[in-house]
Amino acid sequence: MTRFMDGLSPAGLMTMGITLNLICGILDYWTGYEASFSIFYLAPVFVLSWFGNTVSALLMCLVSAITWLLADYLTDHEYSFHWILVWNATVRLGFFVVVALALLKIRSMNKELERITRTDALTGALNLRGFTEVAEKELYRSRRFGHPLTLVYVDLDNFKYVNDHLGHHEGDRVLSQVVDTLKNGTRPTDAVARLGGDEFAMLLTEVHATEAEQIVERLRQRLLGSFRQHQWPVTVSVGVASFEDAFPISVDEMVQNADHLMYAAKASGKDAVVAQVLQPAQT
């Protein structure tokens, strides 16, 4: 249901909210003033507050209050004073607005919490959890449509020297610079993550192995240029695991494949890229 609601356009959400209001109003009118329908008028307010935006949510508050007012008016219920109808409608509107604003605030806090739990606090890249969620979706898409997929595992060489001799503050600058360089050199559809410590990952979607290797080499040269500019004695060892005709059964297996290639790069003397297209027997 949540996925369906998220897929609706603002006009679709508003149409749904108005429809719910009409249903509530008609039922309220048929049952008369003795049966209360107050809780049901909150349903469209909730929908627009949680899945829409502030303007649409407040507009739905007004629509709900007016619908309730009309239902009361058409039942011919007599009040001591005519202005009581308007007073009741105003109080209800205020109640709806308070509920809508509270829901909007909760939704905003919930989104921020989700962002924090999926993002590395230092660099702003995805963390392991966030990267795994993205990779699972892309792996599913690649299996279903046969799109190529490449996972890149990046490990910094001699990073411990920076922390030990230049300080952890300078080490943090190195890590942030790596993420900035990787993000600036990839597309919005790709994913960049800090998996922990000085290890990073990239997910390149719908890119064949040859092009992926070119992208990685270009990024490696940019990183080395940045390291030299800041006089950081750091290089990178990179493993590039591409999947074109066969795909791993899980994200963990995909990461392990790229991780093994990264260690092969380190074993060859560091500051190197080892790339491989994984075949069915190796997945």
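Residues numbered from 1 in each chain as written. Predicted model: local features only at pLDDT ≥ 70, side-chain atom pairs only at ≥ 80, totals over all residues. Heavy atoms only, no water.

Asker: Sorry if this is basic, but what is going on with unusual backbone geometry here?
Answerer: Among all residues except glycine, the phi angle is most often negative; among peptide bonds, the trans geometry is most common. Even without being glycine, Gln 231 reaches a positive phi, approximately 60 degrees. Residue position: Gln 231 is located in the loop between α9 (209-229) and β4 (235-243). In this structure Gln 231 comes out as exposed when scored by relative accessible area, which is 68%. Non-glycine residue Asp 271 carries a positive phi angle of around 50 degrees. Mapped onto the secondary structure, Asp 271 falls in the loop between α10 (251-267) and β5 (273-277). (Helix = DSSP H or I, 4+ residues; strand = E, 2+ residues; numbered from the N terminus. Buried < 20%, exposed > 50% of the residue type's maximum accessible area, 1.4 Å probe, protein only.)

Asker: How should I be thinking about empty space enclosed by the protein in this particular structure?
Answerer: A probe as big as a water molecule, rolled over the atoms, marks out the empty space that is left. Counted according to the given criterion, the structure contains 1 cavity of 30 Å³ or more. In this model, the largest cavity occupies a volume close to 50 Å³. Taken together, Val 152, Val 154, Leu 182, Met 202, Val 216, Leu 219, Arg 220, Leu 223, Val 236 and Val 238 make up the lining of the largest cavity. Looking at the lining of the largest cavity, the elements with two or more residues in it are β1 (149-157), α9 and β4. The dominant element in the lining of the largest cavity, judged by the number of residues it contributes, is α9, at 4 residues. (1 Å grid on protein atoms, 1.4 Å probe; cavity = no way out; pocket = protein on both sides within 12 Å on 5 of 7 lines; lining within 4 Å. Points joined across faces, edges and corners; volume = space filled by probe spheres on them.)

Asker: Teacher, can you tell me more about the pattern of salt bridges here?
Answerer: Where charged atoms of side chains with opposite charge meet at close range, the side chains can pair. Taken as a whole and assessed by the stated rule, the structure comprises 13 salt bridges. Note that Lys 266 and Asp 157 form a salt bridge whose closest N and O atoms lie 2.6 Å from each other. Pair noted here: Lys 266 is in helix α10 and Asp 157 is in strand β1, with a separation of 109 residues, a long-range link. On the accessibility criterion, Lys 266 (21% relative accessible area) is partly exposed. With a relative accessible area of 1%, Asp 157 lands in the buried category. A salt bridge links Arg 220 to Glu 217; the nearest nitrogen and oxygen atoms lie 3.1 Å apart. Of this pair, Arg 220 and Glu 217 both sit in helix α9, separated by 3 residues, roughly a single helical turn. For Glu 217, a relative accessible area of 29% translates into the label partly exposed. Each of the salt bridges in this network shares a partner with another, and the network as a whole consists of Arg 118, Arg 129 and Glu 133. (Salt bridge = Lys/Arg side-chain N within 4 Å of Asp/Glu carboxyl O.)

Asker: How should I be thinking about the packing of aromatic side chains in this particular structure?
Answerer: In this structure the tally under the stated criterion is 5 aromatic pairs. A centroid spacing of 6.2 Å and a plane angle of 5 degrees characterise the contact between Phe 46 and Trp 50, whose relative ring orientation is stacked. In this pair, Phe 46 and Trp 50 both sit in helix α3 (residues 38-51), 4 residues apart, roughly one turn of the helix. Phe 46 sits in the partly exposed class, given a relative accessible area of 39%. Residue classification places Trp 50 among the partly exposed residues on the basis of a relative accessible area of 25%. Between the aromatic rings of Trp 68 and Phe 96, the centroid separation amounts to 6.1 Å while the plane-to-plane angle is 35 degrees, which identifies the pairing as tilted. (Phe/Tyr/Trp six-rings, centres within 6.5 Å; stacked < 30°, edge-to-face > 60°.)

Asker: Any chance you could explain the environment of Gly 171 here in plain terms?
Answerer: When you line up the elements, Gly 171 lands in helix α8 (residues 168-184). Accessibility expressed as a relative area gives 0% for Gly 171, which makes it buried. Residues Gly 171 and Trp 232 lie 61 residues apart in sequence; the distance between their C-alpha atoms is 9.3 Å. Dropping the residues within four chain positions of it, Gly 171 is found in contact with Phe 159, Val 162 and Asn 163. (Contact = heavy atoms within 4.5 Å.)

Nothing here speaks to function; it is geometry throughout.
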